[in-house]
Amino acid sequence: MVDIGAFTEAATQVFSRGDVWLIVIAAALYGVFVGAIPGLTATMAVALFVPMAYWLDPIAAIAAIITMAACAIFAGDLPTVLLRIPGTPASAAYVDDAYAFTRRGEAQRVLRLGLVCSVIGGIFGAIAMMMLGGWLAQAAGWFSVTEYFWLFLIGLTCAVIVAEGPRSKAVLSLLLGLFFSTIGLSAAHQEPRFTLGIASLYSGISFIPAMIGLFGMSEVLLNLVGGAAPAKPRPPVAPTLQRSTNSLALTLQEIGDRLRRRKMSTLRSGGIGVLIGMLPGAGCDIASWVAFAASRRMQQKAQAVTGDEGEVESQRRSLDSIGDATTANNASLAGSWIPALVFGIPGDSITAIVIGVLMMKNLTPGPQIFDEQLPLVYSIYLLFILANLVLLPVGLLAIRVSGTIVQIPKAVLFPLIVAFCVTGSYALNGSLFDVLTMLAMGILGFVLVRLRMPTAPVVLGIILGGPLEERLVQSLTAANGNIAGLVQRPLSIALATLFVILVGSMLVESFRRRDRQAT
């Protein structure tokens, strides 16, 4: 039951204060700027803001954090689409699909789709948080370390599902990423592994320099040696997707069109984002991969029914999958706030900072905040909606400005990309070793592309390999080494069954593909 008095007070605090509007707009511009630079993350943007939060009241501070996180996640699509460098790990799921549109001269098309779906996902997550926050937080409490193990395993499986080309090559890429994740010290072992006596490897391979090298630096190397796929002439596109101007009215119309045309897929991808986002440690990265894999799987089934394999239809399916992934990663932002508000447990690194800011303001997240600070809780709901509405004009401005990048001659653009790769890698920890890691991963990415092996599974293997191993060791330790301990609870059995179904369907599809090729 909504407390009308508290809701009115919250709406007044959010919408009638000029300083809140100014802070939201400034945070949106700052979030887009940080998110668009490879190597700088939404977490870094929020962390740099914390000293300023000390001088703001709780509403203004939370408004800034919510806005800059939402805008930074969208802005991660800018280098993803234009330079093939994922601005955030969540963008790595669809980097190759998105960059393919840039090579055809259609970067604006996919960026506008990313903006539309980011706004839809953000508002979907805010509404889900308002209506189902308490219940979803209780559901998150059902997950033990064993369920997290299966969830991470499903996320890794999705990386193989969405990869182009033979499954065997995608599995090899994934295993390569998992191997990199074992380098250095882990939370479950006392001895460093595969460090070759190099002290900088004790902390392992950071996935951000690796991601920048695998996608950004490798693209430069491919172009230098002439190995990159040539840009294709722009093919005819479906009339409903062919837009040339970036007006706000047209973008609002596209939001309405997408909601009407893909209602169920929006519900599915938004639901995936909220559910995975509220699991501590999961976050928008896994949400993006799972939503992208689910979308790709559904479209493959639809293609099998219709038999339509034309280029225009293929582009439409690729765009729809990208849209579903961007819907999920922005919806997961709101999902990550649910355990933070209800239990005081951070859903990700950003909400961990938020809890610190709230406690700095003498506000303690948890069940009592719904009784003692209900207007503040309603304000957070409204701020999520406001932040995503402000993202529309700011995102359109960013797309227009970024459009000049594709017109820059390669002789100028490639040195700029290398500069971005180097500064983005160095900015993470101020370490030259991270720059060397980026360069090594760039060479590895170049080799993988030449061997027609997908590079995205390597990144997800590096990201999830450590948490996967840690949850496995914890689960087996709790079960006294008995592997049956991985399937003792109903939820773990359900997730294990889903994993087996995914692997089984991949094997069946691979056998069928081999039989078709043989005949």
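Draft legend 1. The arrangement of the overall build of the protein in detail. Scanning the protein from N- to C-terminus turns up 21 helices and 0 strands. Scored against the burial criterion, the 519 residues of the protein give a buried share of 55%. Across the protein, contacts joining residues at least 24 apart in sequence account for 79% of those joining residues at least 6 apart. Counting every atom, the protein has about 22,100 Å² of accessible surface; 68% of that belongs to carbon and sulfur.

Draft legend 2. Quick look at helix H20 (residues 456–478). For H20, built from 23 residues, the straight-helix expectation of 33 Å at 1.5 Å per residue is met to within 8% by its first-to-last C-alpha distance of 33 Å. Remark: the principal bend of H20, roughly 40°, maps to Leu 464, with a proline, Pro 467, within the next four residues. Looking one or two places after H20, you find Asn 480, whose phi comes out positive at around 55°.

Draft legend 3. Inspection of the confidence of the model for the protein at higher detail. Here the protein averages 79 in pLDDT, and 84% of its residues register 70 or above. Within the model, pLDDT remains below 50 along residues 230–245, and this stretch shows 27 contacts once partners closer than five positions in the same chain are excluded.

Draft legend 4. Structural view of a nonpolar patch on the surface. A surface patch of nonpolar side chains, amounting to about 350 Å² of accessible area, comprises Ile 25, Leu 29, Leu 397 and Val 401. Elements supplying a minimum of two residues to the nonpolar patch: helix H2 (18–35) and helix H17 (374–402). Looking at the secondary structure, you find Ile 25 in helix H2.

Draft legend 5. Layout of the pattern of salt bridges. For the structure on display, the rule yields 11 salt bridges. For the salt bridge of Arg 471 with Glu 470, the shortest nitrogen-to-oxygen distance reads 3.8 Å. For Glu 470, a relative accessible area of 26% gives the class partly exposed.

Draft legend 6. Examining the side chain of Ser 379 more closely. Summarising the element assignment, Ser 379 is placed in helix H17. By relative accessible area, which is 1% here, Ser 379 ends up buried. Ser 379 has contacts with Ala 10, Gln 13, Val 14 and Ile 59, leaving out every residue within four places of it along the chain.

Draft legend 7. Fine view of unusual backbone geometry. Phi angles above zero are rare outside glycine, and Leu 196 is one such case at about 55°. Mapped onto the fold, Leu 196 is located in the loop between helix H9 (167–181) and helix H10 (207–224). Its identity is not glycine, yet Asn 480 carries a phi of approximately 55°, on the positive side. The residue Asn 480 is located in the loop between H20 and helix H21 (490–518) in this model.

Draft legend 8. Here's a closer look at the packing of aromatic side chains. Tallied over the full model, the rule gives 9 aromatic pairs. Judged by centre distance (6.2 Å) and plane angle (55°), the rings of Tyr 378 and Tyr 381 are tilted. With Tyr 378 and Tyr 381 both in helix H17 and 3 residues apart, this pair spans about one turn of that helix. Each member of the pair Tyr 378 and Tyr 381 is classed as buried. Members of the aromatic cluster, each reached through a chain of ring pairs, are Phe 7, Tyr 378 and Tyr 381. Against the face of Phe 101 rests Arg 104, its NZ or CZ located 4.6 Å from the ring centre.

Cut-offs applied
Residues numbered from 1 in each chain as written. Predicted model: local features only at pLDDT ≥ 70, side-chain atom pairs only at ≥ 80, totals over all residues. Heavy atoms only, no water. Helix = DSSP H or I, 4+ residues; strand = E, 2+ residues; numbered from the N terminus. Buried < 20%, exposed > 50% of the residue type's maximum accessible area, 1.4 Å probe, protein only. Contact = heavy atoms within 4.5 Å. Areas by Shrake-Rupley, 256 points an atom, 1.4 Å probe, with all protein chains shown as cover. Expected span 1.5 Å × (residues − 1). Bend = angle between axes of the 7 residues up to and from the residue. pLDDT = per-residue confidence, 0-100. Patch = residues over 30% accessible without salt bridge, like charges linked within 9 Å, V, L, I, M, F, W, Y side chains within 5 Å. Salt bridge = Lys/Arg side-chain N within 4 Å of Asp/Glu carboxyl O. Phe/Tyr/Trp six-rings, centres within 6.5 Å; stacked < 30°, edge-to-face > 60°. Lys NZ or Arg CZ within 6 Å of the ring centre and 35° of its normal.

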